[in-house]
Amino acid sequence: MATIDEQDQGVWLTQEAYDRLKTEHDELVAGRTAMAAEINARREEGDLKENGGYHAAKDEQGKQEGRIRQLVDLLRKARVGEPPKTATNAALGTVITIAFDGDEDDTEKFLLGSREIAGTTGLSVYSPSPPSAPRSWARSRAAR
């Protein structure tokens, strides 16, 4: 069984997707100072054990830091450009057309790539990697 090593192949992104993710990263990094100020303001409200505003701000900071780490990793691995026109192997960035047995007119076309570019293409995007979310986000979702 073959596995895909994203470190070797990189993550294929269009220039538009790369720019969008880079902008998101830059905005989150720039927001660190404001987040720290918010935490400090909430800390001044009193007893930290019963201070919901403080805990909410700390949770939000954890989500932002997790997303920053995710974006740094993704942007570091990114290969920016157009998808290959033809390929002999299904690799990240490949547009794949499947014809179903018995009905060659019934086909499905999709892009094998990062979920991060799903909003930038008219194709369905399938990723060989499971979706990832910052742990603090996953815990807060599970608690609901």
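As a reminder, the structure under discussion sits directly above these lines.
Conventions adopted
- Within every chain, residues take consecutive numbers counted from 1 along the sequence as written.
- Only residues with pLDDT of 70 or above have their local features reported here, since the model is predicted, and side-chain atom pairs are shown and tallied only from 80 upward, although totals for entire chains, interfaces and linings are computed over all residues.
- As a rule here, side-chain values cover all heavy atoms of the structure and leave hydrogens and water aside.
- Secondary structure counts use DSSP, requiring at least four H or I residues in a row for a helix and at least two E residues in a row for a strand, with both numbered from the N terminus.
- Only protein chains enter the area calculation, which uses a 1.4 Å probe; residues under 20% of their type maximum are buried, those over 50% are exposed, and those in between are partly exposed.
- Residues are treated as being in contact if the distance between any of their heavy atoms lies within 4.5 Å.
- For every accessible area listed, the method is Shrake-Rupley and the probe measures 1.4 Å; residues are considered covered only by the protein chains on display.
- Only residues above 30% relative accessible area that lack a salt bridge enter a patch, with like-charged residues linked at up to 9 Å and the nonpolar side chains Val, Leu, Ile, Met, Phe, Trp and Tyr linked at up to 5 Å.
- One side-chain nitrogen of Lys or Arg within 4 Å of one carboxyl oxygen of Asp or Glu is enough to make a salt bridge.
- Neither His nor the chain termini are counted; the positive set is Lys and Arg, and the negative set is Asp and Glu.
- Note that the charge is assigned to NZ on lysines, CZ on arginines, CG on aspartates and CD on glutamates.
- By this rule the span expected of a helix is its residue count minus one, scaled by 1.5 Å.
- Polar contact criterion, stated in full: a pair of N or O atoms within 3.5 Å, where within protein one must be able to donate a hydrogen and the other to accept it, and residues adjacent in sequence count only if both atoms are side-chain atoms.
- For our purposes a nonpolar core is just a set of buried Ala, Val, Leu, Ile, Met, Phe, Trp, Tyr and Cys residues, chained together by side-chain atoms within 4.5 Å.

## Section: the overall build of the protein chain
Reasoning step 1: Looking only at helices and strands, the protein chain features five helices and five strands.
Reasoning step 2: Shown N-terminal to C-terminal, the secondary structure of the protein chain runs as helices and strands in the order α-β-α-α-α-β-β-β-β-α.
Reasoning step 3: With 144 residues in all, the protein chain has 28% of them scored as buried.
Reasoning step 4: Contacts in the protein chain between residues far apart in sequence, at least 24 positions, make up 54% of those at least 6 positions apart.
Reasoning step 5: Carbon and sulfur atoms provide 49% of the accessible area of the protein chain, an area that totals close to 9,800 Å².

## Things to note about a negative patch on the surface
Reasoning step 1: A contiguous patch of negative charge on the surface is contributed by Asp103, Asp105, Asp106 and Glu108.
Reasoning step 2: Note that Asp105 resides in strand 4 (residues 103–112).

## What to know about helix 4 (residues 52–77)
Reasoning step 1: An ideal rise of 1.5 Å per residue puts 38 Å on 26 residues; helix 4 measures up with 38 Å between its terminal C-alpha atoms.
Reasoning step 2: Residues of helix 4 that are buried include every one of Tyr54, Ala57, Gln64, Gly66, Arg67, Ile68, Gln70, Leu71, Leu74, Leu75 and Lys77, and no others.
Reasoning step 3: The N-terminus of helix 4 is capped by Asn51, whose side-chain oxygen sits 3.3 Å from the backbone nitrogen of Gly53.

## Description of the environment of Gly113
Reasoning step 1: Relative to the helices and strands, Gly113 resides in the loop between strand 4 and strand 5 (124–126).
Reasoning step 2: By relative accessible area, Gly113 is classed as buried at 1%.
Reasoning step 3: Along the backbone, Gly113 and Val125 are 12 residues apart, and their C-alpha atoms lie at a distance of 6.3 Å.

## Remarks on the nonpolar core
Reasoning step 1: Among the nonpolar cores identified, the biggest contains 10 residues, and these are Val11, Leu13, Ala17, Leu21, Leu28, Ile68, Leu71, Leu74, Leu75 and Ala78.
Reasoning step 2: Of all elements in the fold, only strand 1 (11–13), helix 2 (15–30) and helix 4 reach the threshold of two or more residues within this core.
Reasoning step 3: Among residues more than four places away in sequence, those in contact with Leu71 are Leu21, Glu24, His25 and Leu28.

## Looking at the pattern of salt bridges
Reasoning step 1: Under the criterion given, the structure shown has seven salt bridges.
Reasoning step 2: Salt-bridge contacts for Arg67 lead to Glu24; the nearest nitrogen and oxygen are separated by 2.8 Å. With Arg67 in helix 4 and Glu24 in helix 2, this residue pair connects regions lying 43 residues apart in the sequence.
Reasoning step 3: The class for Arg67 is buried, based on a relative accessible area of 18%.
Reasoning step 4: Taking the shortest distance from any N to any O, the salt bridge between Arg32 and Glu65 comes out at 2.9 Å. Highlighted residues: Arg32 in helix 3 (residues 32–43) and Glu65 in helix 4, separated in sequence by 33 residues.
Reasoning step 5: Owing to a relative accessible area of 38%, Arg32 belongs among the partly exposed residues under this scheme.
Reasoning step 6: Classification of Glu65 as partly exposed rests on a relative accessible area of 22%.
Reasoning step 7: One continuous salt-bridge network, built from bridges that share partners, spans Glu38, Arg42 and Glu45.

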